Each structure stands twice: as C-alpha cells, then as structure tokens.
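What the coordinates show
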Amino acid sequence: MKIKSISTIALIIGLILFTGCRQGTESSRAPSASTPSAVQEEAAILATLNAETAAAFSRDYDSWQAKWVHSPFVTKTYIDFPENTFTETRGWEEVDGFVREFFLEHPDPEPAPQPLDEIAVRLYGNGAWVSYEAMDSIRGLKRETRLMEKIDGQWKIAGMHTTIYGFDNK
C-alpha cells in the first residue's frame, strides 16, 4: 500500500501518538478512594473462604449457602486419592442438593481446619481465581482452587475444585 502524501503520514503518526498517550494516561491513574485495593479484595475473599469452610464443617446450611453463587454455571468437584473417589456437581441445584444430602447423612459437626491465612489470588474485575493448601484433621492435605465472583459487593464461590491427598502424600 502506498501512502500518497506527507499529510496522511503525519495524520497516522499523530493518531498513533495520541492513542498511545491516552492509554498511558488511563492506565497510570491512581485508583479512587472507593475502589478496593487488591489487598482489601484478598482479605474479603479470605474471609468468605474461612466463613464457608467453618459453616460446612459445623453443618450450618444457611451460612454455607450464603457464600455461594446460586447459578446454573456453578461447579463443585472433589478428587479424593486415599478413598479413590471422584464427585462432580454442576449447577447450583445439584451442588445444593449434594450438600444438603451430605449434611443429612453426616449431621455431626467435624473439626474445622485451621482458618486459611495464605492464599494465591488473581483478580479479574468482579472475578478471582484462588488457590491454596489446607490440612484437614480427618482427610489430610487438600489442595483447592476456588473461582470467586463479586456480587453486590460480596465475594461468593462460583466454582470449587478440591484434591485430597491424605496424610501420607505431600
């Protein structure tokens, strides 16, 4: 393609420079006072995860379900190597039904793991990818990944993958 005039070249260069300067200005703006920092978001996610775990182990259904997104895209997967089992539940109705049934079959509270204090978080706007390890006094080492979604200012769980390794595997 041939460019026919100097003015066309100047116009193209000007547009490129203008666009580059605008993008640089926008990306370097400081967050407003109303925008939570990544540290604040991580703390809020950590609080949600610890509250959901405490509710599940104490069999507090109302508190447990309040920490989850209630949508058809929700998933919950467990891989338990020591027990050689795998469960996958897809959609809120199935996840909810699975947990309700589990609570009915196992009504006695279990000792909750130590609250999490260290998680890896990748924020994506109103979503987050979270991973961590936890030691469960009954099941042993667990590695978990949670997909989080911020709804009405609250972080909720939209996906959960748990791999249980037990006590002999690290």
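Structure shown above.
Right, let's walk through the structure included here.

What counts, and where the lines are drawn
- Residues numbered from 1 in each chain as written.
- Predicted model: local features only at pLDDT ≥ 70, side-chain atom pairs only at ≥ 80, totals over all residues.
- Heavy atoms only, no water.
- Core = buried A, V, L, I, M, F, W, Y, C linked by side-chain atoms within 4.5 Å.
- Buried < 20%, exposed > 50% of the residue type's maximum accessible area, 1.4 Å probe, protein only.
- Helix = DSSP H or I, 4+ residues; strand = E, 2+ residues; numbered from the N terminus.
- Contact = heavy atoms within 4.5 Å.
- Phe/Tyr/Trp six-rings, centres within 6.5 Å; stacked < 30°, edge-to-face > 60°.
- 1 Å grid on protein atoms, 1.4 Å probe; cavity = no way out; pocket = protein on both sides within 12 Å on 5 of 7 lines; lining within 4 Å.
- Points joined across faces, edges and corners; volume = space filled by probe spheres on them.
- Nonpolar A, V, L, I, M, F, W, Y, C, P; charged D, E, K, R; others polar.
- Pairing = 2+ DSSP bridges.
- Axes fitted to C-alpha atoms, helices over the stretch in contact; angles between N-to-C directions.
- Expected span 1.5 Å × (residues − 1).

As for the nonpolar core
If you look at the biggest cluster of nonpolar residues, it comprises 26 residues, and the most contacted ones within it are Ile-45, Leu-49, Trp-64, Trp-68, Ile-119, Val-130 and Met-148. Mapped by element, the contributors of at least two residues to this core are α2 (38-58), α3 (61-66), α4 (92-105), β4 (127-136) and β6 (154-166). When residues in this core are grouped by element, the largest group, six residues, is from α2. Leave out the neighbours within four places in its chain, and Trp-64 touches Glu-52, Ala-55, Ala-56, Trp-92, Val-95, Asp-96 and Val-99.

Examining the packing of aromatic side chains
A ring pair, where both rings are aromatic, is described by two values, the distance of the centres and the angle of the planes. Overall, the coordinates contain six aromatic pairs when judged by the stated rule. Ring centres of Trp-64 and Trp-68 lie 5.7 Å apart, and the angle between their planes is 40°; this geometry places the pair in the tilted category. Exposure class is identical for Trp-64 and Trp-68. Each is buried. Seen in terms of ring centroids, Trp-64 and Trp-92 are 5.6 Å apart; in terms of plane orientation they differ by 20°. Their pairing is stacked. Taken as a pair, Trp-64 in helix α3 and Trp-92 in helix α4 lie far apart in primary sequence, 28 residues in all.

A short note on the layout of surface pockets
Remark: the empty space left among the atoms is shown by a probe the size of a water molecule rolled over them. Of the voids in this model, the largest pocket is the one considered here, and its volume is about 660 Å³. Considering the residues around the largest pocket, the lining is formed by 33 residues, among which Tyr-78, Phe-102, Arg-139, Lys-142 and Ile-164 are closest to the centre. When residues of the lining of the largest pocket are traced back to their parent elements, those giving at least two are α2, β1 (75-80), β2 (85-90), α4, β4, β5 (140-151) and β6. Sorting elements by how many residues they give to the lining of the largest pocket places α2 first, with five residues. Across the lining of the largest pocket, the residue classes tally to 16 nonpolar, seven polar and ten charged.

Focus: the sheet that holds β5
The strand order across the open sheet built from six strands is β2-β1-β6-β5-β4-β3, with neighbouring strands paired in mixed fashion. Bordering the open sheet on either side are β2 and β3 (120-124), each of which pairs with just one other strand. Within the sheet, the average angular offset between the axes of one strand and its neighbour, ignoring direction, is 15°. Here β1 pairs with β6 via six bridges, running parallel. In the sheet register, Asp-80 faces β6, and the bridge partner there is Ile-164. Taken strand by strand, α2 contacts β3, β4, β5 and β6, and its axis lies near 120° from that of β5. Taken strand by strand, α4 contacts β1 and β2, and its axis lies near 130° from that of β2.

A few points about unusual backbone geometry
What you tend to see is this: most non-glycine residues have negative phi, and most peptide bonds are trans. A positive phi angle is found at Arg-59, which is not glycine, with a value near 65°. Mapped onto the elements of the fold, Arg-59 is located in the loop between α2 and α3. Owing to a relative accessible area of 14%, Arg-59 belongs among the buried residues under this scheme. Positive phi is not limited to glycine here, since Asn-84 has a value of about 55°. Considering the arrangement of structural elements, one finds Asn-84 in the loop between β1 and β2.

Examining α2
Relative to the 30 Å expected for 21 residues at 1.5 Å per residue, α2 spans 30 Å between its end C-alpha atoms, a close match to the ideal helical length. Among all positions in α2, only Glu-41, Ile-45, Leu-46, Thr-48, Leu-49, Asn-50, Glu-52, Thr-53, Ala-55, Ala-56 and Phe-57 are buried. Those residues of α2 that are buried lie in contact with α3, α4, β3, β4, β5 and β6. Taken from the residues just after α2, Arg-59 is the one with a positive phi, measuring 65°.

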